[in-house]
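Below are the chains, spelled out letter by letter.
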Amino acid sequence: MIQAERVALVLLAAGRSERFGGDKLIQLYLGRPVGLHVVVALEAVPFRERIAVVSETKLDLAGCGYRIVHNDDPAAGMSRSLRLGVEAACESGADAVLIALADMPKVTATHIYRLLDRAEGPDAIVASSDGEVPRPPVLFGCSHYDELLRAEGDMGARQLVRHGHHVVTSPAELVDIDTVEDLDRLIHG
């Protein structure tokens with residue numbers, strides 16, 4: 001088990017929202033912007049540091065206690081945001097990073113604690129899963145920082161994630177918003 005106080009939360013919020021057709025993170029879901037749901041859900045988890053990697057979003061993540069890291073080239077893929085977030089986590093001296101996506105509005109603190117409970121030391125890789133596919137949120141122990149810092153393209157750390165432990169939760173909790181239709185399905189069932 002890794003204590004939350006030893007973990008840097010890295011929130012990836014620098015996507016270009018091309019399939020959505022605009023900044024999906026500011027779209028309302030249950031009266032709150034999509035990108036703030038995970039922020040609110042995890043605000044009581046005592047992470048060592050909260051880091052948000054952003055590009056063009058209008059969300060005030062700094063006002064929510066996040067250190068802002070600007071991704072000046074979001075077209076380089078998710079791995080660029082991942083590398084920037086891991087670099088920031090290294091500066092904070094974190095023993096592990098928890099990578100979360102800002103477009104996953106149903107993630108809960110309970111699930112995050114399950115990931116932390118399953119993590120064992122610096123070699124830990126613990127991903128979320130719907131029972132079939134591993135995905136974020138995912139925790140990486142510090143032994144993997146160098147490999148994460150070499151990630152490229154949109155594949156990012158998928159190969160690492162496949163070989164880690166997978167904590168199964170409800171597929172509904174792991175839904176992410178990529179298109180207007182995804183958001184409509186979430187709102188209207």
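See the structure shown above.
This structure is a prediction, so every number in the text was calculated from the model and none was measured. (Residues numbered from 1 in each chain as written. Predicted model: local features only at pLDDT ≥ 70, side-chain atom pairs only at ≥ 80, totals over all residues. Heavy atoms only, no water.)

(A) Spotlight on the side chain of Asp 23. For Asp 23, the position within the fold is in the loop between strand E1 (7-13) and strand E2 (28-29). The charged side chain of Asp 23 is buried without a salt bridge, its nearest counter-charge being Lys 58 at 5.6 Å. (Helix = DSSP H or I, 4+ residues; strand = E, 2+ residues; numbered from the N terminus. Buried < 20%, exposed > 50% of the residue type's maximum accessible area, 1.4 Å probe, protein only. Lys, Arg positive; Asp, Glu negative; His and termini not counted. Salt bridge = Lys/Arg side-chain N within 4 Å of Asp/Glu carboxyl O.)

(B) How the structure looks around the pattern of salt bridges. Counting across every chain of the model gives seven salt bridges. A salt bridge links Arg 6 to Asp 95; the nearest nitrogen and oxygen atoms lie 2.7 Å apart. Of this pair, Arg 6 sits in the segment before E1 while Asp 95 sits in the loop between helix H2 (78-92) and strand E6 (96-101), placing them 89 residues apart in sequence. Residue Arg 67 is joined to Glu 49 by a salt bridge in which the shortest nitrogen-to-oxygen separation is 2.6 Å. Of this pair, Arg 67 sits in strand E5 (residues 67-70) while Glu 49 sits in strand E4 (residues 49-54), and the two are 18 residues apart along the sequence. According to the relative accessible area criterion, Arg 67 is partly exposed, its value standing at 28%. With a relative accessible area of 18%, Glu 49 lands in the buried category. Through salt bridges that share partners, Lys 24, Asp 103 and Asp 178 make up one connected network.

(C) Summary view of unusual backbone geometry. Look at the link from Pro 136 to Pro 137: it is a cis peptide, with omega at -5°. Along the chain, Pro 137 turns up in strand E8 (residues 134-141). Backbone geometry places Leu 30, a non-glycine residue, at a positive phi of 55°. Looking at the secondary structure, you find Leu 30 in the loop between E2 and strand E3 (32-33).

(D) Broad picture of the sheet that holds strand E7 (residues 125-129). Taken in spatial order, the seven strands of this open sheet run E5-E4-E1-E6-E8-E7-E9, and their pairing is mixed. Each edge of the open sheet carries a strand with a single partner, namely E5 and strand E9 (165-168). Geometrically, the sheet is characterised by an average inter-axis angle of 25° between neighbouring strands, direction not taken into account. Pairing of E4 with E5 involves four bridges; the strand directions are parallel. Each bridged residue has a counterpart across the sheet, and for Ile 51 the counterpart in E5 is Arg 67. Relative to the sheet, H2 contacts E1, E4, E5 and E6, its axis offset from that of E4 by approximately 150°. In this fold helix H3 (residues 109-118) packs onto E1, E6, E7, E8 and E9, with an angle of close to 150° to the strand it touches most, E9. (Pairing = 2+ DSSP bridges. Axes fitted to C-alpha atoms, helices over the stretch in contact; angles between N-to-C directions. Contact = heavy atoms within 4.5 Å.)

(E) Highlighting helix H1 (residues 34-41). Among the eight residues that make up H1, six are buried, leaving the element largely enclosed by the rest of the structure. Every buried residue belonging to H1 is among Val 34, Gly 35, Leu 36, His 37, Val 38 and Val 39, and all of these are buried.

(F) Examining the pairing of E8 more closely. Of the strand pairs in this sheet, E6 and E8 are connected by four bridges, and their pairing is antiparallel. Residue pairing in the sheet places Val 97 in a bridge with Phe 140 of E8. Across five bridges, the pairing between E7 and E8 is antiparallel. Considered in E8, the bridge of Ile 125 is made with Phe 140. Hairpin geometry of E7 and E8 is characterised by an intervening segment of four residues between the two adjacent antiparallel strands and by a positive phi of about 100° at Gly 131.

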